[in-house]
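# Fold and contact review
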Amino acid sequence: AEDGIDTANNRKWAAEQMNYLLGDNPHDGGCFSYEIGYGDKYPTHPHHRAASCPNPAVSQCSEANLHTACPSPHVLYGALVGGPIYNDGYNDSREDYVHNEVALDYNAGFQSALAGLNQLFAQDQFPMTNNQCPCTNDPYAPGAPAPTTPSLVCNAAPAGGAPIVGR
């Protein structure tokens, strides 16, 4: 876009792609952010070992933590998961590493795109978009209430194990 090749349309397209990732999409009735911790609805089961293990003082981390239906004990605020398939299908499952892994390659691109859009905003050049999502619960906004934390005990036990405790 910066090389003068259809600048306005390419900037708008980039902003709308970010809108999609942050909630302007049809998943779960709409307004589902693929950035963990952003908005009212976001992934709670990322494929991420450290996020899915309870506090070490409470119990040890094992393969069983991968298979529990409990939300991850640790929220990876700001991390982007792999996201949906071509038809907007998405299953928030820790075992689905393709769609729920938090990986450096796409998180780096995500952060870079956010930085570029932030620069456009600062220069009063942010493109007008067709964002239809009324997401307003931005935990990063000044004065926003602190995000809620998952419950301290999840009663769903992993296969052959006791409930995961310690969040």
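Scope of this entry: the structure provided in the associated data block. Along each chain, the written sequence defines residue order, and numbers are assigned to residues from 1. Reporting of local features is limited, given that this is a predicted model, to residues whose pLDDT is at least 70; pairs of side-chain atoms are given and counted only at 80 or more, and all residues count toward the totals for whole chains, interfaces and linings. With hydrogens and water stripped out, all remaining heavy atoms of the structure feed into the side-chain values.

Defined by distance alone, a disulfide is two cysteine sulfur atoms within 2.5 Å. All chains considered together, the criterion is met by one disulfide. Across a sulfur-sulfur distance of 1.6 Å, Cys 53 and Cys 61 are joined as a disulfide pair.

It is worth spelling out helix α5 (residues 104-122) at this point. The numbering of helices and of strands both runs from the N terminus, where a helix is a DSSP run of H or I of at least 4 residues and a strand a run of E of at least 2. A helix is expected to span 1.5 Å multiplied by its residue count minus one. Over its 19 residues, α5 runs 26 Å from end to end, which matches the ideal 27 Å to within 8%, given 1.5 Å per residue. Note on classification: 1.4 Å probe, protein chains only; a residue is buried when its accessible area is under 20% of the maximum for its type, exposed when over 50%, partly exposed between these limits. All of the buried residues along α5 are Asn 107, Phe 110, Leu 117 and Leu 120. Down the axis, α5 shows its buried residues gathered within 140° of arc, on one side only. Away from its buried face by more than 90 degrees, α5 exposes Leu 104, Asp 105 and Ala 122. Whether two residues are in contact is decided by their heavy atoms: any pair within 4.5 Å suffices. Buried residues belonging to α5 abut α1 (7-21). To obtain the arc, one takes the directions from the helix axis to the C-beta atoms.

What follows covers α1. A rise of 1.5 Å per residue sets the reference length of α1, with its 15 residues, at 21 Å; its end C-alpha atoms lie 21 Å apart and thus fit the reference within 8%. Each element contacted by the buried residues of α1 is listed here: α5. One or two residues past the end of α1 sits Gly 23, with phi positive at roughly 140°.

With that settled, the discussion passes to the nonpolar core. In this structure, Tyr 34, Ile 36, Leu 76, Val 81, Tyr 90, Phe 110 and Leu 117 are the most contacted members of the largest nonpolar core, which totals 17 residues. Counting only elements with at least two residues in this core, the list comes to α1 and α5. Considering each element in turn, this core owes the most residues, three residues, to α5. Leaving out residues up to four positions away in the same chain, Val 81 has contacts with Tyr 34, Ile 36, Pro 43, Pro 46, Tyr 90, His 99, Asn 100, Glu 101, Val 102 and Tyr 106. Definition used in this section: a nonpolar core is a set of buried Ala, Val, Leu, Ile, Met, Phe, Trp, Tyr and Cys residues joined via side-chain atoms within 4.5 Å.

Let us now look at the environment of Tyr 34. Looking at where Tyr 34 falls in the secondary structure, it is placed in the loop between α1 and α2 (49-52). It is 6.2 Å that separates the C-alpha atoms of Tyr 34 and Gly 83, two residues lying 49 residues apart in sequence. Those residues in contact with Tyr 34 that sit more than four places away from it in its chain are Tyr 20, Leu 21, Asn 25, His 27, Pro 43, Ala 79, Leu 80, Val 81, Gly 83, Pro 84, Asp 88 and Tyr 90.

Quick look at the packing of aromatic side chains now. Two aromatic rings, drawn from Phe, Tyr or Trp (for Trp, its six-membered ring), form a pair once their centres lie within 6.5 Å of each other, and the interplanar angle then sorts them: stacked below 30 degrees, edge-to-face above 60, tilted otherwise. Across all of its chains, the model carries five aromatic pairs by this definition. For the pair Phe 32 and Tyr 34, a centre-to-centre distance of 5.3 Å together with 65° between the ring planes defines the contact as edge-to-face. With a centroid separation of 6.3 Å and an interplanar angle of 80°, the aromatic rings of Phe 121 and Phe 126 are classed as edge-to-face. For Phe 121, a relative accessible area of 60% translates into the label exposed.

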